[in-house]
Amino acid sequence: MSTKPAILFVCLGNICRSPLAEGALRAATIRAGIEVEIDSAGTGDWHVGNPPDPRAIATARDNGIDISGLRGRQVSPRNFTRFTHIFALDEDNLRNLYAMAPDDATAELALLLDVVPGFEGRAVADPYYGSDEGFAQTWRDVSAAADALVARFS
């Protein structure tokens, strides 16, 4: 691939799923030795400037990754041309992204789990209102997607 991939992960508030996906892909690209621009954002603005949920930070830390320095931000129109791929973590956010996309958008929009064989069309469940096991499941999902993306861009 001639252009370095630039990937944006998007969930609702950018404090649980998308920062975990960002952390998982950063770690996977380092292991694979490939260069990919990686970021995350939310469709909502409730958590702009805030760190990830403490449970997300703990889950990433348990898997050897530090996401504590990330800060929530909201998707901006510029993201639709800056990134080559924007992956929504669920259908609601994918619909919101399509609605937010400016006319000059060039990014490929898709559900994140569409890149994982056998998981196409599935959402990464939002663990925010659940238990720690929900965060562990989210980690398994985003890690599988990170591995699939590394394979795709290697």
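The following paragraphs examine the structure supplied in this document. Since the structure is predicted, the reported quantities are computational estimates derived from the model, not experimental observations.

**A few points about the pattern of salt bridges**
Throughout the structure, instances matching the rule amount to 12 salt bridges. Arg73 is the partner of Asp39 in a salt bridge, and the nearest nitrogen-oxygen pair spans 3.2 Å. Of this pair, Asp39 sits in strand β2 (residues 37-42) while Arg73 sits in the loop between α2 (54-62) and α3 (79-82), and the two are 34 residues apart along the sequence. With a shortest N-O distance of 3.2 Å, Arg152 and Glu108 are connected by a salt bridge.

**Focus on the sheet that holds strand β1 (residues 6-11)**
Strand order in the open sheet formed by 4 strands is β2-β1-β3-β4, and the pairing between neighbours is parallel. Looking at which strands have only one partner, the edges of the open sheet turn out to be β2 and β4 (108-111). Pairwise comparison of adjacent strand axes, ignoring direction, gives a mean angle of 20° for this sheet. Inspection of the sheet shows strand β3 (residues 85-88) paired to β4 by 4 bridges, in the parallel sense. Bridging across to β4, His85 finds its partner in Glu108.

**Remarks on the side chain of Glu22**
As for its position among the elements, Glu22 is in helix α1 (residues 17-32). Among the residues examined, Glu22 registers a relative accessible area of 3% and is labelled buried. Sequence-distant contacts of Glu22, that is, excluding residues within four places in its chain, are made with Phe9, Ile38, Asp39, Ser40 and Leu70.

**Let's talk about the nonpolar core**
The biggest cluster of nonpolar side chains holds 36 residues, and the ones touching the most others in it are Phe9, Leu25, Leu112, Val142 and Leu149. Here the element with the most residues in this core is helix α5 (residues 132-153); it accounts for 9 residues. Beyond its immediate chain neighbours, meaning those up to four positions away, Phe9 contacts Ser18, Ala21, Glu22, Leu25, Ile38, Asp39, Ser40, Ala41, Phe87, Leu89, Leu112 and Leu149. Of all hydrophobic cores here, the second largest spans 14 residues; its members include Leu8, Ala88, Leu97 and Leu109.

**A short note on the pairing of β1**
Most of β1 sits inside the fold, with 6 of its 6 residues counted as buried. Neither face of β1 is left uncovered, since the one carrying Ala6, Leu8 and Val10 and the one carrying Ile7, Phe9 and Cys11 both have all their residues buried. Here β1 pairs with β2 via 6 bridges, running parallel. Note that in β2 the partner of Ile7 across the bridge is Ile38. Since β1 and β2 lie parallel, the crossover through α1 that links them has a hand, and here it is right-handed. As paired elements, β1 and β3 share 4 bridges and run parallel to each other. Bridge assignment links Leu8 to a residue of β3, and that residue is Ile86.

The rules behind the values
Residues numbered from 1 in each chain as written. Predicted model: local features only at pLDDT ≥ 70, side-chain atom pairs only at ≥ 80, totals over all residues. Heavy atoms only, no water. Salt bridge = Lys/Arg side-chain N within 4 Å of Asp/Glu carboxyl O. Helix = DSSP H or I, 4+ residues; strand = E, 2+ residues; numbered from the N terminus. Pairing = 2+ DSSP bridges. Axes fitted to C-alpha atoms, helices over the stretch in contact; angles between N-to-C directions. Buried < 20%, exposed > 50% of the residue type's maximum accessible area, 1.4 Å probe, protein only. Contact = heavy atoms within 4.5 Å. Core = buried A, V, L, I, M, F, W, Y, C linked by side-chain atoms within 4.5 Å. Right-handed = clockwise from strand over helix to strand, strands pointing away.

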